[in-house]
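Structural overview for review
Below are the chains, spelled out letter by letter.
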Amino acid sequence: MSKIDKMSILGVRSFGIEDKDKQVISFFTPLTVLVGPNGAGKTTIIECLKYATSGEFPPGSKGGAFVHDPKDAHETDVRAQIRLLFTDVNGEKVTIHRSMSCTQKAKNYSFKSLEQVITRVKDGERVSLSSKCGELDREMISALGVSKPVLNHVIFCHQEESNWPLSEGKALKEKFDSIFAATKYIKALETMRQLRLTQNQTVKECQVELRYLKQNKEKAQQIRETVATKEAQLMSSKDSVQRIESQIEPLENRLMDIDTKLGKVMKLDSDIKALESRKKQMEEDNRELEETMEQVFQGSDQQLQEVYQNHQRTVKEKERRLTDCQKEMERAGRECQRLNRVKADLLVEQGRLQLEADRHTQNIRNRDAQVRSLSSFLDMEGYDRPPFAALQLENFHRFVSQRLQQEKETNSQVLADLLEKEQQKQQSIDEIRDKKTGLERTVELKRDLQGKKQQELRNIRADLQRLEGSSNTDHVVQEHELQSAVQNSNVEELKVEVIELQKEKAELDRAQRRLDQEMETLNTHTTARTQMEMLKKDKTEKEEQVRKIKSRHSEDLVSLLGHFPNKRELEDWIYAKSKEISNTRDRLAKFNRPNRHSQLF
Ligand SMILES: Nc1ncnc2c1ncn2[C@@H]1O[C@H](COP(=O)(O)OP(=O)(O)OP(=O)(O)O)[C@@H](O)[C@H]1O
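First things first, this report covers the structure right here in the doc. (Residues numbered from 1 in each chain as written. Predicted model: local features only at pLDDT ≥ 70, side-chain atom pairs only at ≥ 80, totals over all residues. Heavy atoms only, no water.)

Considerations on the packing of aromatic side chains
So the rule is basically this: Ring pairs shown here join Phe, Tyr and Trp side chains whose ring centres sit within 6.5 Å, with only the six-membered ring taken for Trp; geometry is labelled stacked below 30 degrees between planes, edge-to-face above 60, and tilted in between. Secondary structure elements are defined from DSSP: runs of H or I of at least 4 residues count as helices, runs of E of at least 2 residues count as strands, and each element is numbered from the N terminus. The classification of residues rests on relative accessible area computed with a 1.4 Å probe and restricted to protein chains. Under 20% of the type maximum is buried, over 50% is exposed, and intermediate values are partly exposed. Look at NZ for Lys and CZ for Arg. If either is within 6 Å of the ring centre and within 35 degrees of the ring normal, a charge sits over the ring.
Scanning the model with the defined rule gives eight aromatic pairs in all. Measuring from centroid to centroid gives 5.7 Å for Trp164 and Phe176, while their planes differ by 75 degrees, and the two rings are edge-to-face. Of this pair, Trp164 sits in the loop between α3 (148-155) and α4 (169-179) while Phe176 is found in helix α4, placing the two residues 12 residues apart along the sequence. In this structure Trp164 comes out as buried when scored by relative accessible area, which is 11%. Phe176 sits in the partly exposed class, given a relative accessible area of 36%. Judged by centre distance (6.0 Å) and plane angle (10 degrees), the ring pair of Phe176 and Phe180 falls under stacked. You can call Phe180 exposed: its relative accessible area is 57%. An aromatic cluster of three or more residues is present, and its members are Tyr51, Phe57, Phe66 and Phe111. Sitting over the face of the ring of Tyr51, Arg98 holds its NZ or CZ atom 5.5 Å from the ring centroid. The ring of Phe564 carries Arg359 above its face, with NZ or CZ at 5.1 Å from the centroid.

If you want it as C-alpha cells, here you go:
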C-alpha cells in the first residue's frame, strides 16, 4: 500500500514565494489532522496533494488562481512549486516535483505549467522521469495504486464538490462508475457479448460448411468408386483395342493392295475408253476420207509411200512459203502502221497548210478591199473589180508608193513652210511687242509732259487771277506772257499725237491677237500629230502582241480544230465545248443519283 510522507509548498495561493515562505508538511501514520482558523490554508494543502498526485487543478481556478497572486507579491512573474515524497505500492520512495508560473499582463494573468519530474531511488541511485503531463499522471496512478477518480472524488475530494453523493441519479451513477471503473467492465462485457455473437455466427457457418463438406466427402467417395470402375473398364477396353489393332493391320495392308489394284484397273479402263474414242474418230475420219476420195490409189504400198513423201515435201515447201508470206505480211503491217503515222502527220500538216491557205485567202480579200477603197480614194481607175492580177497590184503598189513619197515631200514642204511662217510670225510678234513697249513708254512720257504743262497752265491762271487789280501795264505784260506760254505748250498738237498713238496701239493689239490665234492653231496641229504618232506606235505594239499570242497557241488550236480559227469560229467552238461539258456533267449527275440511292438501300 502506498503512503504519503512529506510535501513542501512554495508560491501556491496564500503560501509565499520566497524561500523562507516554503512550507513542509509531514504526514503521520495512521492519521494526520489539519487544524487551523478560516483562511489558514487547510484547503490549499488538500488542493496541493490532489494536484501533486493527479495533476488536477482545483475547481474554478483555471490554473492562474491556484498560484500566489503576483499583485500580493508585488511581482510580475510568480513561480509555484509543489514537491511530494511518498512510498509507492512496491515500498519504494518516490518524489514528484511539479512547478508552474503565473505572469501578470495588462488586463489578466497568463498561466504556464513548468517542470514535472518523478524521481525514484533504485539501488541507491536517483532515477528521474521527466515527461509530458499525461504520462506522468499515469505513472503516478500506477505508483500510488489508486485510480484517478478515487483520488479526485474520494481521497482528495474538494470541499466545493463534496456533496456529489447527493447529486441527481445520472451524475451520481457516472461518478460511481468512474470510481469503481464500471465503465471498462461494461465495455468488456459488451465486447464479450459481441464476440460471443460473432463466434455463434461463425459456429453456425462452420456447421453449414461441415454439412456441405460431408456431402462432398460422400460424393467424392462415390466418384472414387466410379473412377475405379471406369479405370477397370478402360484397361479392358485398351486390351480389346490392342487386339483389334493387331487384327486391323493386315486388313489395312490388304486394303492398300486393293486400292493400288483398283487404281491400275481404273487407269486401264480410261485408256481403253480413250483408245476406243480414238478408234471411233479414226474410223469416222476414214469414212469421211473414203467419201471425199475422188480416186483410189491403185499402186503398191511403196508407190503410195513415195507419193506420200512427195506430198509431205510439197506440204513442207508450202508451209515454208506460208511462213515467208506471214513474215512479209507482218513487215507490211509495220510499214502500214508507219505510213498511217506519216499520214496522220501529213493530215496535221494539211490542216495547218489549209489554215494558212484560208488565212492567205482572207488576207488577199482584205488586201483587195483595201486596194479598192484606196484606189477610189486616190481616184485611180481599173481597180473596181477584184480579184487583181499580180501586174495590176505591182502597178498599184508602185503608184501608191510614188503618191506616198509625193505626199511625204509635200507634207515636209508644208511643214517647213509652216515652221518658217511660224518663225517669221514670232519675229514680227517680237518686233511689234518691242514697238508697243516703246510706244507705251512714249505715251507715258507725253502724258507726264502734258500733266506738267497743265500744271504750269493752272499756276499761271492762278497768278493771273491774283494779279487782277494790279496795274494795266503789268496786266498786258502778263497777258502777253500767258499767250506765249500757251503757244509754247502746243497742247492741241500733243492731244492729236496722243490719239494717233492710241489708234496705232489698238491696231497693234489686234495684230497681236490674230497672231496668237494662228499660234494656237499651229500648236493644236502639232499636238494632233504627236497623238497620231503615239497611236500608230501603240497599234504596232498591239499587232506584235497579237502575232505572238497567235503563234503561241497556233499549234494547240490547229491540233484541236484542224485549222487556225478566226475569232468568231473560236467563240463558237468554245461555246459548243462548254455546252458539251455541261451536258456530260448532267449525265454524270443523273448516273450517280440512282447509284447513291441504291447505296442507301
Ligand atoms: N491566489 C491567491 N494568492 C494569495 N492568497 C490567496 C490566493 N487564493 C486564496 N488566497 C488566500 O488563501 C486563503 C484561503 O486559504 P484556505 O481556503 O486554504 O483556508 P482554510 O483554512 O481552508 O479556510 P476555511 O477553514 O475557511 O476553509 C485565504 O486567506 C485567501 O485569501
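A word on the site of the ligand
Where we set the bar: Any residue with a heavy atom lying within 4 Å of a molecule or strand is counted as near it. Polar contact is defined as a pair of N or O atoms within 3.5 Å, subject to the rule that within protein one atom must be able to donate a hydrogen and the other to accept it, and that residues adjacent in sequence are counted only when both atoms are side-chain atoms. Throughout, the Shrake-Rupley method with a 1.4 Å probe supplies accessible areas, and for residues the shown protein chains are the sole cover considered. Three categories are distinguished: nonpolar for Ala, Val, Leu, Ile, Met, Phe, Trp, Tyr, Cys and Pro, charged for Asp, Glu, Lys and Arg, and polar for the others, with Gly belonging to the last.
Neighbouring the ligand are 16 residues; Gly39, Gly41, Lys42, Thr43 and Thr44 lie closest to it. In the environment of the ligand, an oxygen atom lies 3.5 Å from a nitrogen or oxygen atom belonging to the backbone of Pro37. Within the contact set of the ligand, an oxygen atom lies 3.1 Å away from a backbone nitrogen or oxygen of Ala40. When the free accessible area of the ligand is taken as 650 Å², the share hidden by the protein chains comes to 66%. Of the residues in the shell around the ligand, the class split is four nonpolar, eight polar and four charged.

Some thoughts on the environment of Ala80
What counts is decided by this rule: The contact rule is simple, with two residues in contact once any of their heavy atoms fall within 4.5 Å.
In this structure, Ala80 sits in strand β3 (residues 77-87). Taking the relative accessible area as the measure of exposure, Ala80 reaches 2% and is therefore buried. Sequence separation between Ala80 and Ser101 is 21 residues, and the spatial gap between their C-alpha atoms is 6.0 Å. Leave out the neighbours within four places in its chain, and Ala80 touches Leu10, Gly11, Val12, Val67, Arg98, Ser99 and Met100.

Quick notes on the sheet that holds β3
The following threshold applies: Think of it this way: DSSP has to see at least two bridges between two strands before they count as a pair. Whenever a helix is involved, its axis is fitted only over the stretch in contact; in every case the axis is a line through C-alpha atoms, and angles between N-to-C directions fall within 0 to 180 degrees.
Ordered by their spatial adjacency, six strands build an open sheet running β2-β1-β3-β4-β5-β6, and the pairing between neighbours is antiparallel. On the outer flanks of this sheet lie β2 (23-26) and β6 (125-130), each paired with one strand and no other. Averaged over all adjacent pairs, the angle separating strand axes in this sheet is 15 degrees, with direction ignored. Bridge count between strand β1 (residues 3-10) and β2: four bridges; the pairing is antiparallel. By the bridge assignment, Ser8 is partnered in β2 with Val24.

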